Amino acid sequence: MRSRDNILQIYETFALILPSLLSFAAKHCDLEILYHYKKAMKVSRMGISAGGWRPVSNLLKEILTVGGSPLLGNLYSVFELHSHLSFFTENSTFFLKVLRKDSIPITANLISILKEKDTHVMYTQLTHLLLRFVYAVQETLQHLADTLEAYPLQSPAAFSWRPTRGKDYFYTRIVSDLNRKIVRGDYPRGTFLPSEKQLAAFYNVSVSTIRKALTELSQRGFVRTINGKGTMIITPDDSRVRQILPNPGRTEEALRYLHALQLLALIIHPATVNAAAKFKKKELKSLEEKLYLPDSICIIDIFEAILYHTDAQPLKSILKEAFRLTEWGHYIAYYDHKKQVLQTVNKRLRLAVHELHTGDYIEFANRIADCYYQIFQHARDIMTNKYGFSSAAAIQLPEKYY
């Protein structure tokens, strides 16, 4: 039962987010010149028996990578890894029978949809198609449970997405946690962090690991070490960005930050709709109070509330990791006209919370998504125009499909 639920959650999650990701990416690439297009077309004409589902799946990954970003392609690779896709599409006759109830073959239908010029139409058609896929998976899993004494699929590992795997040292997780707490105001400007020993005990690591984390925070401009006193929280200034962006490692981080913001802008709407009904009155009151605090970046609190109310573990993992990748650049988005930008975002968030009070979950999600579009565009424009980071200009503004 647990194995079945885990697999079904993976398909439900990707049915929720893939329509927007594929619609966005397909618009920014020419399908017919892609490497995997011809093989996928062969499968669409002759059926999956011509080469399995792999050519079509490779095409989807290529579209997400070329038209979207390496981050989107990496995310799809993890979906393939955890979803047992080849089992359903190539080894389960029952799954294919359920999927073929409609007269149009799913592969031909999928490629036809991806060539649609109107991305809003594409989004709607992809949503319907992927829901068919989820239904077929659900029926197949139930059929297996009803007809077989022993479930043929091994219990899968929990879904986990780590696009920085291999570069994700433990101290970077500490940096992310402290970064979030500083930006959120848990550690106000002018105050001191706990001592190195206290932080080491809290995170259950060595003092040397804490020192690496504090060095990184210092390079980002969030803290300054004062001899005899400790590590003080400071307000970063744009001179720090000018120093670190030319560094190749920082350039990679900055691009990943914008790609993660782009990803969040594309998927936050369906995630918010799913979580909206679970907000409690006490939570809303606390959020409203923070929205009126000066310099409050309340979108972080609202995101964490959305994350808390997200039940599907794969979706929670994706949201959490995408958010972690944006923490490095939070302050970049607010350097120019910080007060004005925050006031605009918080005004939209206040309207969003009002919609939540009235029970209009769709409009609540609309306004949250609008905030992410604004933050992405502002951060990209600043990095391009103010800091001369030309690579940022090539990162496309996400579209709205709601």
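Relevant structure appears above.
Keep in mind the model is a prediction, meaning the values are calculated, not measured.

Structural notes on the overall build of the protein chain
Looking only at helices and strands, one finds 18 helices and two strands in the protein chain. With 402 residues in all, the protein chain has 52% of them scored as buried. Taking contacts inside the protein chain between residues at least 6 apart in sequence as the whole, the part at least 24 apart equals 75%. Here the protein chain displays about 19,100 Å² of accessible surface, and carbon together with sulfur accounts for 52% of that area.

Looking at the packing of helix 3 (residues 54-68) against helix 7 (residues 106-114)
Following both chains from N to C, one finds helix 3 and helix 7 inclined at 20°, their axes separated by 11 Å at the closest point. Here helix 3 lies roughly parallel to helix 7, going by the angle between them. Every pair of crossing elements has a handedness; the one defined by helix 3 and helix 7 is left-handed. Packed against helix 3, whose contacting residues are Val56, Leu59, Leu60 and Ile63, the element helix 7 presents Thr107, Leu110, Ile111 and Leu114 at the interface. Tallied by class, the residues present in the contact of helix 3 with helix 7 amount to seven nonpolar, one polar and no charged.

Remarks on the pairing of strand 1 (residues 223-226)
Bridge count between strand 1 and strand 2 (residues 230-233): four bridges; the pairing is antiparallel. From the neighbouring strand, Arg224 faces strand 2, where its bridge partner is Met232. In this antiparallel pair of consecutive strands, strand 1 and strand 2, the connection spans three residues, and Gly228 shows a positive phi of 85°.

A few points about the nonpolar core
Judged by nonpolar contacts, the single largest core of 128 residues is most densely connected at Ile63 and Leu114. Looking at which element gives the most residues to this core, the answer is helix 13 (residues 248-276), with 14 residues. Apart from the residues within four sequence positions on either side, Ile63 is in contact with Leu22, Ala25, Ala26, Cys29, Leu31, Leu34, Gly68 and Leu114.

Overview of the packing of aromatic side chains
Tallied over the entire structure, the rule returns 14 aromatic pairs. Measuring from centroid to centroid gives 5.8 Å for Trp53 and Phe133, while their planes differ by 45°, and the two rings are tilted. With Trp53 in the loop between helix 2 (37-46) and helix 3 and Phe133 in helix 8 (residues 119-147), this pair connects stretches of sequence that are 80 residues apart. Looking at Trp53, the relative accessible area reads 5%, which means it is buried. One aromatic cluster is present, built from ring pairs that chain together Tyr11, Phe14, Trp53, Tyr76, Phe79, Phe87, Phe88, Phe95, Phe133 and Phe159. Sitting over the face of the ring of Tyr292, Arg350 holds its NZ or CZ atom 4.6 Å from the ring centroid. Sitting over the face of the ring of Tyr373, Lys400 holds its NZ or CZ atom 5.2 Å from the ring centroid.

Side note on empty space enclosed by the protein
With the rule as written, the count across this model stands at two cavities of 30 Å³ or more. Of the voids in this model, the largest cavity is the one considered here, and its volume is about 200 Å³. Around the largest cavity sit 17 residues that line it, and Leu18, Trp53, Leu60, Leu130 and Phe133 are the ones nearest its centre. For the lining of the largest cavity, the secondary-structure elements that each account for two or more residues are helix 1 (2-27), helix 4 (70-83), helix 7 and helix 8.

Section: the environment of Leu31
Along the polypeptide, Leu31 turns up in the loop between helix 1 and helix 2. Judged by relative accessible area, Leu31 falls into the buried class, the value being 6%. Distance from Leu31 to Leu59, taken between C-alpha atoms, is 8.7 Å for residues 28 residues apart in sequence. In this structure, Leu31 is in contact with Ala26, Tyr37, Ile63, Leu114 and Lys115, ignoring residues within four places of it in sequence.

Conventions adopted
- Residues numbered from 1 in each chain as written.
- Predicted model: local features only at pLDDT ≥ 70, side-chain atom pairs only at ≥ 80, totals over all residues.
- Heavy atoms only, no water.
- Helix = DSSP H or I, 4+ residues; strand = E, 2+ residues; numbered from the N terminus.
- Buried < 20%, exposed > 50% of the residue type's maximum accessible area, 1.4 Å probe, protein only.
- Contact = heavy atoms within 4.5 Å.
- Areas by Shrake-Rupley, 256 points an atom, 1.4 Å probe, with all protein chains shown as cover.
- Axes fitted to C-alpha atoms, helices over the stretch in contact; angles between N-to-C directions.
- Parallel < 35°, antiparallel > 145°, perpendicular 65-115°, else oblique.
- Left-handed = near helix turned anticlockwise from the far one by under 90°.
- Nonpolar A, V, L, I, M, F, W, Y, C, P; charged D, E, K, R; others polar.
- Pairing = 2+ DSSP bridges.
- Core = buried A, V, L, I, M, F, W, Y, C linked by side-chain atoms within 4.5 Å.
- Phe/Tyr/Trp six-rings, centres within 6.5 Å; stacked < 30°, edge-to-face > 60°.
- Lys NZ or Arg CZ within 6 Å of the ring centre and 35° of its normal.
- 1 Å grid on protein atoms, 1.4 Å probe; cavity = no way out; pocket = protein on both sides within 12 Å on 5 of 7 lines; lining within 4 Å.
- Points joined across faces, edges and corners; volume = space filled by probe spheres on them.

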